[in-house]
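Chain by chain, the residues:
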Amino acid sequence: MEIRELKTIKIKISKSLQTKIRKGHPWVHFYQVKNISVKGRPGDYGVVYDPDNQFLALGLYDPLSDIRLRILQTGEPAELDAEFFRARLNQAAAIRRSLESQGTTGYRIVNGENDRLPGLTLDRYQNVGVLKLYTQAWFPHLDKIVPWIERDLKLTPCVLLLSRHVERTLLKNAPYQNQTVLQGPELDGPVGFLENGLRFEADVLQGQKTGFFLDQRENRQRVRELAAGKSVLNAFSYTGGFTIGAFAGGARSVLEIDSNGWALKAARENLKLNFPERLTEGNGFEQIQGDAFKALAQLEQEKTFFDIVILDPPAFAKNKKHIQNSLMAYTRLARAGAKRTRDGGILFAASCSAPVKANDFFRAVHLGITSAGKTYEVMERTGHALDHPVAFPEGAYLKGIFCKINGPG
Ligand code: SAH
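The rules behind the values
- Residues numbered from 1 in each chain as written.
- Predicted model: local features only at pLDDT ≥ 70, side-chain atom pairs only at ≥ 80, totals over all residues.
- Heavy atoms only, no water.
- Core = buried A, V, L, I, M, F, W, Y, C linked by side-chain atoms within 4.5 Å.
- Buried < 20%, exposed > 50% of the residue type's maximum accessible area, 1.4 Å probe, protein only.
- Helix = DSSP H or I, 4+ residues; strand = E, 2+ residues; numbered from the N terminus.
- Domains from an automatic or database assignment.
- Contact = heavy atoms within 4.5 Å.
- Axes fitted to C-alpha atoms, helices over the stretch in contact; angles between N-to-C directions.
- Parallel < 35°, antiparallel > 145°, perpendicular 65-115°, else oblique.
- Left-handed = near helix turned anticlockwise from the far one by under 90°.
- Pairing = 2+ DSSP bridges.
- Expected span 1.5 Å × (residues − 1).
- Polar contact = N/O pair within 3.5 Å; in protein donor to acceptor, adjacent residues only side chain to side chain.
- Arc of directions from axis to C-beta.
- Near = heavy atom within 4 Å.
- Areas by Shrake-Rupley, 256 points an atom, 1.4 Å probe, with all protein chains shown as cover.
- Nonpolar A, V, L, I, M, F, W, Y, C, P; charged D, E, K, R; others polar.

Caption draft 1: Here's a closer look at the nonpolar core. Ranked by internal contacts, the top residues of the largest apolar core, which has 38 residues, are Leu89, Leu131, Trp138 and Leu142. If you list the elements that add at least two residues to this core, you get strand S3 (45–49), strand S4 (55–61), helix H2 (82–96), strand S6 (106–111), strand S7 (120–125), strand S8 (128–133), helix H3 (146–151) and strand S9 (158–162). Among the elements that line this core, the one with the most residues is H2, at five residues. Counting contributing residues, this core receives three or more from each of domain 1 (8–74) and domain 2 (82–191). Once residues within four sequence positions are removed from consideration, Leu89 is found in contact with Val110, Leu117, Leu122, Ile145, Trp148, Ile149 and Leu153.

Structure, rendered in structure tokens:
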């Protein structure tokens, strides 16, 4: 691996951003850097001083990212050595420890900015670590982190994943590639783990995110608690997390819809691990491969209703430009879902679009349900689980709502 001297760059920013950073905001965007002549390489140190020339913040610089500086330390200067990162890693791990006693061995150990390791997530699947980077600034610092993942957290192997942006902008001679095994043996297939005592497999290399939507664990548990004797529609089912939860809670039947055949196959494998008898035809489990909007329209023609309808689509809005269109799509989806919900049944709708604010999403769902000619009562609004803490407003992306639906059906 390339060894190079890291530079320390002084970065000038406005007073108002200084105040924000003092309160915990973790980013300096490119357009907020006042000294335009700043030159550095990914992973150089960036330091911000206050108007009295006192230390304000220290972070990692990345000229390839719109977020030019990701803050690691404020208030007191610190040496970003192995012990510094070890402490951060162990603090994050300690917050999650209670999950183990709940029969959960697949969870997020580091949630980036929200665990004061910006641009880096670490997920655990049983004994396997999956480190995902959203900036190349981490490359020159990884050797101060990776050893602790094995020694302190007991995870081995540890696989590196790169965000799409990092992959696209990867420099020639980059020391790491997507799917590099950082320590331990190569992975030879999906990794088994437990979620609330239920068995799953995650394909860390082929799957979406790091292989599983760990962030929906609590909502799956709620569905489990509500599912006894119920018929369930699981739209955007991916590898069947909500399905297994529903069957574990005694659901009578589950219909999955997903456009991805690979995900549907993985969902059948997960079902086999827990309730293999359900795979026999006529035992309450079915799948539709295709577009969920079209499948919902087809179910409407067939006048099929469900006791519980789950709508957990991919992010409809990736950035601010998409917010309006995404809200319309959330409304259309909630409308179609509410129409398929039996009188007195439950609709669960979720959004993982970071730019969409919770209240706007809930309003979109409201419009969808009411435009379907139904009334509803909010049972619960849900957000982030313990292993996905939120430390600043932009860190909150997940919102969910459970509604009891009333009206003909
Ligand atoms: N609920 C899942 C996660 C859903 S991720 C869980 O708990 O694990 C979103 C899923 O939507 C992905 O599996 C993706 O393949 C699927 N998808 C994306 N667009 C779709 C569409 N138009 N119709 C149906 N499925 C779609």
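The structure having been displayed, the exposition proceeds.
Caption draft 2: Examining the packing of helix H9 (residues 323–339) against helix H10 (residues 358–371) more closely. At their nearest, the axes of H9 and H10 sit 7 Å apart, and the two run at 40° to each other. In terms of orientation, H9 lies oblique with respect to H10. Considering how the two elements wind past one another, H9 and H10 form a crossing that is right-handed. Together, Leu327, Tyr330, Thr331, Ala334, Arg335 and Ala338 of H9 and Asp360, Phe361, Ala364, Val365, Leu367, Gly368, Ile369 and Ser371 of H10 make up the contact between the two elements.

Caption draft 3: Layout of the sheet that holds strand S19 (residues 399–406). Strand order in the open sheet formed by seven strands is S15-S14-S13-S16-S17-S19-S18, with mixed pairing between adjacent strands. The open sheet has two edge strands with one neighbour each: strand S15 (285–289) and strand S18 (375–382). Averaged over neighbouring strand pairs, the angle between their axes works out to 15° when direction is ignored. Here S18 pairs with S19 via seven bridges, running antiparallel. Its bridge partner being in S19, Thr375 is matched across the sheet by Asn406. Relative to the sheet, helix H7 (residues 261–274) contacts strand S14 (253–258) and S15, its axis offset from that of S15 by approximately 170°. Strands in contact with H9 are strand S16 (306–311), strand S17 (341–351) and S19; relative to S17, the strand with the most contacts, it is inclined by about 155°.

Caption draft 4: Looking closely at H9. A rise of 1.5 Å per residue sets the reference length of H9, with its 17 residues, at 24 Å; its end C-alpha atoms lie 24 Å apart and thus fit the reference within 8%. Within H9, the full set of buried residues consists of Ile323, Ser326, Leu327, Ala329, Tyr330, Thr331, Leu333, Ala334, Ala336, Gly337 and Ala338. Along its buried surface, H9 packs onto helix H8 (292–301), S16, S17, H10 and S19.

Caption draft 5: A look at the environment of Gly337. Within the secondary structure, Gly337 sits in helix H9. What makes Gly337 buried here is its relative accessible area of 0%. Residues Gly337 and Leu80, 257 residues apart in the sequence, show an inter-C-alpha distance of 50 Å. In contact with Gly337, not counting residues within four places along its chain, are Val309, Leu311 and Leu347.

Caption draft 6: Layout of the environment of Thr370. Along the chain, Thr370 turns up in helix H10. The class of Thr370 is partly exposed, set by a relative accessible area of 33%. C-alpha separation for the pair Thr370 and Ala334, spaced 36 residues apart in sequence, amounts to 9.4 Å. At a separation of 2.8 Å, a polar atom in the side chain of Thr370 contacts the main-chain carbonyl oxygen of His366.

Caption draft 7: Looking closely at H8. Within the span of H8, buried status applies to Ala292, Ala295, Leu296 and Leu299. Buried residues along H8 cover an arc of 100° about the axis, so they all sit on one side. Set apart from the buried face of H8 by more than 90 degrees, the exposed residues are Lys294 and Gln301. Along its buried surface, H8 packs onto strand S13 (231–235), S14, S15, S16 and H9. Where H8 ends, the next residue or the one after it, Lys303, has phi of about 55°, a positive value.

Caption draft 8: Quick look at the site of the ligand. Not every one of the 15 residues close to the ligand is listed here, only the nearest: Arg220, Asp258, Asp291, Ala292 and Asp312. Contacts to the ligand include Phe236, whose backbone N or O atom sits 3.1 Å from a nitrogen atom. Taking Asp258, its side chain carries an N or O atom lying 2.7 Å from an oxygen atom of the ligand. Protein contacts shield 89% of the accessible area of the ligand, which totals 580 Å² for the unbound molecule. Of the residues that constitute the shell around the ligand, the class distribution is six nonpolar, five polar and four charged.

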